[in-house]
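Listed here are the chains, written in short residue letters.
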Amino acid sequence: MAPQEESEIVQCLAESRAEFLAAAEGLSESQAKVFPAPGRWSVVECVEHVVAAETRILGWLRNPIAEPAPPVNKEREAQILSRVAARATAVEAPEAVRPSGRFATLAEALAEFEAIRAASIQFAEKQGAGLYSLAAKHPFLGVCNGAEAMVLIAAHSRRHAAQIREIREIPPAL
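Here's what I pulled together on the structure shown here. (Residues numbered from 1 in each chain as written. Predicted model: local features only at pLDDT ≥ 70, side-chain atom pairs only at ≥ 80, totals over all residues. Heavy atoms only, no water.)

## Focus: the pattern of salt bridges
Note the cut-off: The term salt bridge refers to a side-chain nitrogen of Lys or Arg lying within 4 Å of a carboxyl oxygen of Asp or Glu. Numbering of helices and strands runs from the N terminus, with a helix taken as a DSSP run of H or I at least four residues long and a strand as a DSSP run of E at least two residues long. For each residue, the accessible area found with a 1.4 Å probe, counting protein chains only, is set against the maximum for its type, and the residue is called buried under 20%, exposed over 50%, and partly exposed in between.
Inspection of every chain in the model, using the stated rule, returns 12 salt bridges. Residues E15 and R158 are paired through a salt bridge, measuring 3.7 Å at the closest nitrogen-oxygen approach. With E15 in helix α1 (residues 6–24) and R158 in helix α6 (residues 146–169), this residue pair connects regions lying 143 residues apart in the sequence. The class of E15 is partly exposed, set by a relative accessible area of 39%. Through salt bridges with shared partners, a single ionic network connects E15, E19, R158 and R165.

Okay, structure coming up:
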């Protein structure tokens, strides 16, 4: 279901924050650095990617592009929420948001996630209905209004929470 108003967007951000943190809860630092398969990210790298992507999207909203924002479209918000969160289709991350080893520990990465999510929630609360007047250009979705971008942030962390849960299910190597 798409958020129906600004307070629901904030709630969506808060709920996806809790889901993401729960996915990583209880992992040891060594577990968080295990690569599940060649070419696959570790949990620490998943967190780093989510932090980088959210920082980038929030930056776009803080400095919106100078073109009209798309009109309110609850159907598009719902599609972003469901399609981005689903892991049925693999999507290659743009170079700018790929993990680079920025965080030495899971604890450090999660602290940075907490900080950027707090900033996103604060921004959404401050903007309120003004989110719909902001425009940002996403490499896959094209021009989005600020509410769609916030829904994207929430859905993206849900997508990677699912990835972390998948990693946790892989039996440890002997």
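## Observations regarding helix α4 (residues 74–85)
We apply this condition: To estimate the expected span of a helix, count its residues, drop one, and scale the result by 1.5 Å. What the arc measures is the spread of directions leading from the helix axis to the C-beta atoms. Definition of a polar contact: a pair of N or O atoms within 3.5 Å, with one able to donate and the other able to accept a hydrogen when the atoms are protein atoms, and with sequence-neighbouring residues admitted only if both atoms are side-chain atoms.
The end-to-end C-alpha distance of α4, which contains 12 residues, comes to 17 Å, matching closely the 16 Å that a straight helix rising 1.5 Å per residue would cover. Buried within α4 we find R76, E77, I80, L81 and V84. Seen from one end, α4 has its buried residues packed into an arc of 140 degrees, which puts them on one side. For α4, the exposed residues lying more than 90 degrees away from the buried face are E75 and R83. At the N-terminal end of α4, a side-chain oxygen is found 3.1 Å from the backbone nitrogen of E75, two or three residues along, and the residue is N73.

## Overview of the pairing of strand β2 (residues 142–145)
Note the threshold: Should DSSP find at least two bridges between two strands, the strands are regarded as paired.
Judged from the four bridges that link them, strand β1 (residues 135–138) and β2 form a sheet pairing that is antiparallel. Across the sheet, K137 pairs through a bridge with V143, a residue of β2. Following β1, the chain reverses through three residues before pairing antiparallel with β2.

## Some words on helix α5 (residues 106–127)
For α5, which comprises 22 residues, the first-to-last C-alpha distance of 31 Å matches the rise-based estimate of 32 Å (1.5 Å per residue) to within 8%. Three or more residues of α5 are buried, namely L106, A109, L110, F113, I116, R117, A119, S120, I121, F123 and A124.

## Some remarks on the packing of aromatic side chains
How two aromatic rings sit relative to each other is given by the distance of their centres and the angle of their planes. Here is the rule we go by: Note on ring pairs: Phe, Tyr and Trp rings are taken, using the six-membered ring of Trp, and paired if centres are within 6.5 Å. Classes follow the plane angle, with under 30 degrees stacked, over 60 edge-to-face and the rest tilted.
Going through the model one piece at a time under the given rule, you end up with one aromatic pair. Their ring planes at 40 degrees and their centres at 4.5 Å tell us that F20 and F113 sit as a pair that is tilted. Remark: F113 occurs in helix α5 and F20 occurs in helix α1; sequence separation between them is 93 residues. By relative accessible area, F20 is classed as buried at 0%. Since its relative accessible area comes to 0%, F113 is described here as buried.

## Comments concerning the nonpolar core
Counted only if it meets this: Throughout this description, the term nonpolar core refers to a set of buried Ala, Val, Leu, Ile, Met, Phe, Trp, Tyr and Cys residues connected via side-chain atoms within 4.5 Å. Whether two residues touch is decided by their heavy atoms; if any such pair falls within 4.5 Å, the residues are in contact.
Residues I9, L13, L61, F123, L131 and M150 are the most contacted members of the largest nonpolar core, which totals 27 residues. For this core, the leading source of residues is α6, giving eight residues. Once you skip the residues sitting within four places of it in the chain, L131 turns out to touch I9, F123, A124, N145, G146, A147 and M150. With 20 residues, the next largest nonpolar core counts L21, V43, L106 and A161 among its residues.

Keep in mind these values describe shape, not function.
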